[in-house]
Amino acid sequence: MAYDLTNKLVIGVSSRALFDLDKENEIYEKQGAEAYCQYQVAHENDILLPGPGFSLIRALLKLNGLPGNEGRVEVILMSRNSADASLRIFHSIRHYGLPISRAVLSGGGSLAPYLKAFATDLFLSANEEDVQSAIDYGIAAGMVIHGNLHTYRADGHISQIRIAFDGDAVLFTDESERLFQKSGLEAFEENERRQAENPLPEGPFANFLKTISRIQKEFKGEQVPIRTALVTSRCAPAHERVIRTLRAWNVRVDETYFLGGISKKDVLKAFDAQIFFDDQMLHALDAAQVVPSARVPYKNSA
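Residues numbered from 1 in each chain as written. Predicted model: local features only at pLDDT ≥ 70, side-chain atom pairs only at ≥ 80, totals over all residues. Heavy atoms only, no water.

Novice: Could you give an account of the overall build of the protein, naming the residues involved and the relevant values?
Specialist: Of regular secondary structure, the protein possesses 14 helices and ten strands. Against the compact-globule benchmark of 19 Å for 302 residues, the protein has a radius of gyration of 19 Å, which places it among compact chains. In terms of its C-alpha atoms, the protein occupies a principal-axis envelope of roughly 60 × 45 × 40 Å. Taken across its 302 residues, the protein has 53% of its residues classed as buried. For the protein, the exposed surface amounts to about 13,900 Å²; the carbon and sulfur share of it is 49%. (Helix = DSSP H or I, 4+ residues; strand = E, 2+ residues; numbered from the N terminus. Rg over C-alpha atoms; globule rule 2.2 N^0.38 Å. Buried < 20%, exposed > 50% of the residue type's maximum accessible area, 1.4 Å probe, protein only. Areas by Shrake-Rupley, 256 points an atom, 1.4 Å probe, with all protein chains shown as cover.)

Structure, rendered in structure tokens:
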């Protein structure tokens, strides 16, 4: 019988999201694919250091050890590496004891067509083209930011997974944000006040949040293994529409911060996020100084 991914939380992660491959990527960009492959083969017994997505992936995989959640999370390595260049990646996965056994190795080709084939709920990559293609396919995806890895490389004991989201162009579409950019703050606030009863349209991470919320509802009280936060630049009066939208979606968001332009970095550090998703590079880079972060390169053709 074929292995069934139905009702699993499927995470696709690239090798550069999982491990620190900055040096190797520089070889690829400056010397080409053949030099990169030769380097990886020559160093295939050298263990790679954790990358920006490592802490989240290891924490999610630990969900499979909770009673009633055995096998709930499936992590699939999705890489543009060739099979020949991938042994170092698999050796590193084994070294850290990560139960990752499935992989897509596209040999330089686009990964986007395989995301639907593997029923992917979230895709993490350092390749903006792959991330944008995933979003175009309707899959939540983030381009990991290689910030200060040394500040969060050693994840230690994690008792609860903490995931933080920006609002507009992440959980919601960029409809309101585009109005703000075009017409200014006053027009934005007036529109949100007028539209307060109308739920915001779903953005690229809406379905992922709903999936996380369904998992949360299976646990009681302090036993919930995942905690979420909405960290947005919105403030009153633009807060009401957000609250009513989440209520209409019947989703659980544990903590909400309406910052009104205050830097998100300190809040995210206090929340101790395993990852933060934001559409704006400025916010993602700032956050990456203290927590693993990913940019959502949201594009709307409208």
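Novice: How would you sum up the sheet that holds strand 7 (residues 226-232)? Please name residues and give values.
Specialist: Pairing in this open sheet of ten strands is mixed, and the strands run 3-2-1-4-5-10-9-6-7-8 from one edge to the other. Bordering the open sheet on either side are strand 3 (102-105) and strand 8 (255-258), each of which pairs with just one other strand. Put simply, the sheet's adjacent strands are angled 25 degrees from each other on average, direction ignored. Examined bridge by bridge, strand 5 (residues 140-144) and strand 10 (residues 293-295) share two bridges and lie antiparallel to one another. If you follow Val144 over to strand 10, its bridge partner there is Ala294. In the packing of helix 7 (residues 128-136) onto the sheet, the strands contacted are strand 4 (122-125), strand 5 and strand 10, and the crossing angle to strand 5 comes to about 165 degrees. (Pairing = 2+ DSSP bridges. Axes fitted to C-alpha atoms, helices over the stretch in contact; angles between N-to-C directions. Contact = heavy atoms within 4.5 Å.)

Novice: Explain helix 12 (residues 239-249) residue by residue, including any values.
Specialist: All of the buried residues along helix 12 are Arg241, Val242, Thr245, Leu246 and Trp249. Buried residues of helix 12 fall within an arc of 135 degrees about the axis and therefore sit on the same side. For helix 12, the exposed residues set more than 90 degrees away from the buried face come down to Arg247 and Ala248. Its buried side turned inward, helix 12 meets helix 9 (175-183), helix 10 (185-194), helix 11 (206-216), strand 7 and strand 8. Positive phi appears at Asn250, one or two residues downstream of helix 12, with a value of about 60 degrees. (Arc of directions from axis to C-beta.)

Novice: Could you give an account of the environment of Pro225, naming the residues involved and the relevant values?
Specialist: Along the chain, Pro225 falls in the loop between helix 11 and strand 7. Along the chain, Pro225 and Ile161 lie 64 residues apart, while their C-alpha atoms are 6.1 Å from each other. Setting aside anything within four residues of it in sequence, one finds Pro225 in contact with Leu63, Leu66, Gln160, Ile161 and Phe219.

Novice: Can you lay out the nonpolar core for me, pointing to particular residues and giving the numbers?
Specialist: Here is a general trend for soluble globular proteins: nonpolar side chains tend to be buried in one another's company. Counting 69 residues, the largest nonpolar core has Phe205 and Phe277 as the members making the most contacts within it. When residues of this core are assigned to their parent elements, the largest contribution, six residues, is made by helix 4 (residues 54-61). Counting eleven residues, the second largest nonpolar core, distinct from the first, contains Val231, Val267, Phe276 and Val291. (Core = buried A, V, L, I, M, F, W, Y, C linked by side-chain atoms within 4.5 Å.)

Novice: So, the packing of aromatic side chains: which residues are in play, and what are the values?
Specialist: Counted under the stated rule, the structure contains ten aromatic pairs. Aromatic pair Phe172 and Trp249: ring centres 5.6 Å apart, planes at 55 degrees, arrangement tilted. A residue pair is termed long-range when its members are at least 10 positions apart, and Phe172 in the loop between strand 6 (161-165) and helix 9 and Trp249 in helix 12 qualify at 77 residues. The exposure class assigned to Trp249 is buried, which follows from its relative accessible area of 13%. Cluster of aromatic residues (ring-pair linked, three or more members): Phe165, Phe205, Phe208 and Phe277. (Phe/Tyr/Trp six-rings, centres within 6.5 Å; stacked < 30°, edge-to-face > 60°.)

Everything listed here is a matter of coordinates, which is why it stays silent on function.
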